[in-house]
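Here's the letter readout for the chains.
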Amino acid sequence: MPNKINDIEKIAKQLHMPVYKKDWNKNTRKRDYTPRKDLQTQSEKIVDLETAIKASGLKDGMTISFHHHFRNGDKIVNLVVAKLAEMGFKNLTLAASSLSEVHAPLIEYIKSGVITSIQTSGLRGDLADAISHGLMDKPVIFRSHGGRAAAIANDEIHIDVAFLGASSCDYLGNANGYSRSGTEKSICGSLGYAKVDAEYADKVIILTDNLVPYPNVPVAIAESEVDYIVLVDEVGETGKISSGALRQTKNPRDLLLAQIAAKVVVNSGYFYDGFSMQTGSGGASLAVTQFIREAMKENNIKARYALGGITGHMVQLHEEGLIEKLLDVQSFDIVASQSLKNNRFHQQINANVYANPFDNGSAINWLDVVLLSALEVDVNFNVNVLTGSNGIIRGAIGGHPDTSAGAALSVILCPLLRGRIPCVVDKVTTVITPGDTVDVIVTDYGVAVNPNRPDVAERLKRARINVVPISELKAIADGVIGKPDPLPFGEKIVGVVTSRDGAVLDVIHEIVEED
């Protein structure tokens, strides 16, 4: 008969494994006979914010990250950075998916040295203004949503601690941007950008105002990715998600642009039963959805899916059966957030699935049409969505260059003039989306088609759409406004714009106000 004891010891030695005995591994959780309903409330993951920060191992000079799914209603960034300042941290890099007007308090923490570096998709409000005027010693690094996801996955951005707000979280860390319990105080819908941070960060701290019983399903961020859970009074204001760039426009000019853009799509060759689409966050590009809806109903055409930041308009088409599926990396309003909870084929995706430039399977690469807004465009079809006519940072890159590069047809909506400001110029202030990825520019004075797309130009002309050279549009703008004075840029670089695949695309210089 074999000697099992000897064999176990022998094979364990060969495999470099220990021989089992009771409690041999002190890291194994001991069995507990407490009723699980009671046991989960004793979760060791649930701590206060200061304890979570100390336990995370955060040190001076490290990188912290945040998501922006609550947009201008976010309550987490200011709360956390204030606590870090109180605890004496210095020289931190803040890597947020984007920053908004609500984050103006960061100005003081930059001045005091708590935050010395920022990586983000966008800046708005007083914080953007201060940085544009030279607040920081290091330039802000701007990345697209796909570029940020790729940089995190490739460890170009190494996140030491991610602080992620969630509308619901159970006692073990399963978190989401809504709750099926119906007890959420706030709702942001998809956590598509946060999901990447949770996957790659060394430590993950979930902040929530709604602890729910285990298991909190469906799961956006899984318990296996979460180290600590902090209960706070409020993670965000849902009503402020759809403010600013996400306004629903009633502007007649925006509606005209949307109507023309819809006609472009219908006659582009990419409007067919089973096509796919995405719209941007500007008023005109959001409004175009309603005009496309009318064309879809008239032509008995349905879309296979809609992608990106999902709006209530997209939800309407989905619920009407005009769009089969919604792939949601960011919910742009309360209607979209509720739809994610209630509609089976409305699914959240992470930013890598959405727009990683190095993954051929990214959803953007299967888009037929994307419709996007712009602050200005130039005669080489380059697009600026980040800096205003005064040179001050006032927006976000978002997924603009990602989707424009991935889609079969990229359409930019931009008025020829905004008041006394020309929007079709010789050279954009800041290149965000390179012109070789832009196919059509829709203005209220005509439609310009990139010379690289003669096929599209021919189709639009056959549909009697007013196709004009972009140089002609610029000439009209110059004739009305004249050439604007040069902006008062200084020598200091305050921002670096990276391409979606990780190269330096452009720089932003500080604005020097005249005395």
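Residues numbered from 1 in each chain as written. Predicted model: local features only at pLDDT ≥ 70, side-chain atom pairs only at ≥ 80, totals over all residues. Heavy atoms only, no water.

Focus: the sheet that holds strand β21 (residues 424-425)
- What the three strands build is an open sheet, ordered β17-β16-β21; its pairing is mixed. The outermost strands of the open sheet, each flanked by one partner alone, are β17 (383-384) and β21.
- By the bridge criterion, two bridges tie strand β16 (residues 376-378) to β17 in an arrangement that is antiparallel. In the strand pairing of β17, E376 is matched with N384. (Pairing = 2+ DSSP bridges. Helix = DSSP H or I, 4+ residues; strand = E, 2+ residues; numbered from the N terminus.)

Observations concerning the side chain of T403
- Here T403 shows up in helix α14 (residues 400-406).
- Of the polar contacts made by the side chain of T403, one reaches the backbone oxygen of H400; its length is 3.3 Å.
- With residues near it in sequence (within four places) discarded, T403 still touches Q278, Y354, I364, L367, V370 and L372. (Polar contact = N/O pair within 3.5 Å; in protein donor to acceptor, adjacent residues only side chain to side chain. Contact = heavy atoms within 4.5 Å.)

Some words on the packing of aromatic side chains
- Inspection of every chain in the model, using the stated rule, returns two aromatic pairs.
- Centroid distance F66 to F163: 5.7 Å. Interplanar angle 20 degrees. Geometry classified as stacked. With F66 in strand β1 (residues 63-66) and F163 in strand β5 (residues 161-166), this residue pair connects regions lying 97 residues apart in the sequence. Neither F66 nor F163 differs from the other in exposure class; each is buried. (Phe/Tyr/Trp six-rings, centres within 6.5 Å; stacked < 30°, edge-to-face > 60°. Buried < 20%, exposed > 50% of the residue type's maximum accessible area, 1.4 Å probe, protein only.)

Points about helix α8 (residues 192-200)
- Burial runs high along α8: seven of the nine residues are buried.
- Every buried residue of α8 is accounted for by G192, Y193, A194, K195, V196, D197 and A198.

A few points about the pairing of strand β11 (residues 275-279)
- Most of β11 is tucked away: five of the five residues are buried.
- Because side chains alternate across β11, one face comprises the buried residues F275, M277 and T279, and the other comprises S276 and Q278, equally buried.
- The sheet contact formed by β11 and strand β12 (residues 303-310) spans three bridges and is parallel. When the sheet's bridge partners are listed, M277 is paired in β12 with A306.

Thoughts on the environment of S117
- Mapping S117 onto the fold places it in strand β3 (residues 115-120).
- Residue S117 is classed as buried on the basis of its relative accessible area, which comes to 10%.
- If we ignore the near neighbours within four places in the chain, the residues touching S117 are L92, T93, L94, M136 and K138.

Observations concerning the sheet that holds strand β18 (residues 409-413)
- With mixed pairing, eight strands are arranged side by side in an open sheet as β14-β13-β12-β11-β15-β18-β22-β23. The open sheet terminates on both sides in strands that have one partner only, identified here as β14 (346-348) and β23 (446-449). Along the sheet, successive strands turn relative to each other by an average axial angle of 20 degrees, direction set aside.
- Relative to the sheet, helix α9 (residues 252-266) contacts β15 (369-373), β18, β22 (440-443) and β23, its axis offset from that of β22 by approximately 145 degrees. (Axes fitted to C-alpha atoms, helices over the stretch in contact; angles between N-to-C directions.)

A few points about the layout of surface pockets
- Approximately 630 Å³ is the volume found for the second largest pocket.
- K427, T429, P484, D485 and L487 are the residues nearest the centre of the second largest pocket, which is lined by 22 residues in total.
- At the level of elements, β20 (421-422), β21 and α16 (470-481) are the ones that each hand at least two residues to the lining of the second largest pocket.
- Grouping the constituent residues of the lining of the second largest pocket by class yields 10 nonpolar, three polar and nine charged. (1 Å grid on protein atoms, 1.4 Å probe; cavity = no way out; pocket = protein on both sides within 12 Å on 5 of 7 lines; lining within 4 Å. Points joined across faces, edges and corners; volume = space filled by probe spheres on them. Nonpolar A, V, L, I, M, F, W, Y, C, P; charged D, E, K, R; others polar.)

Considerations on helix α6 (residues 125-132)
- What α6 keeps buried is the set L127, A128, A130, I131 and S132.
- Of the surrounding elements, those touching the buried residues of α6 are α5 (106-111), β3, β4 (140-142), β24 (489-498) and β25 (504-511).
- G134 sits one or two positions beyond α6 and adopts a positive phi of about 95 degrees.

Keep in mind that these numbers describe shape and distance, not what the molecule does.
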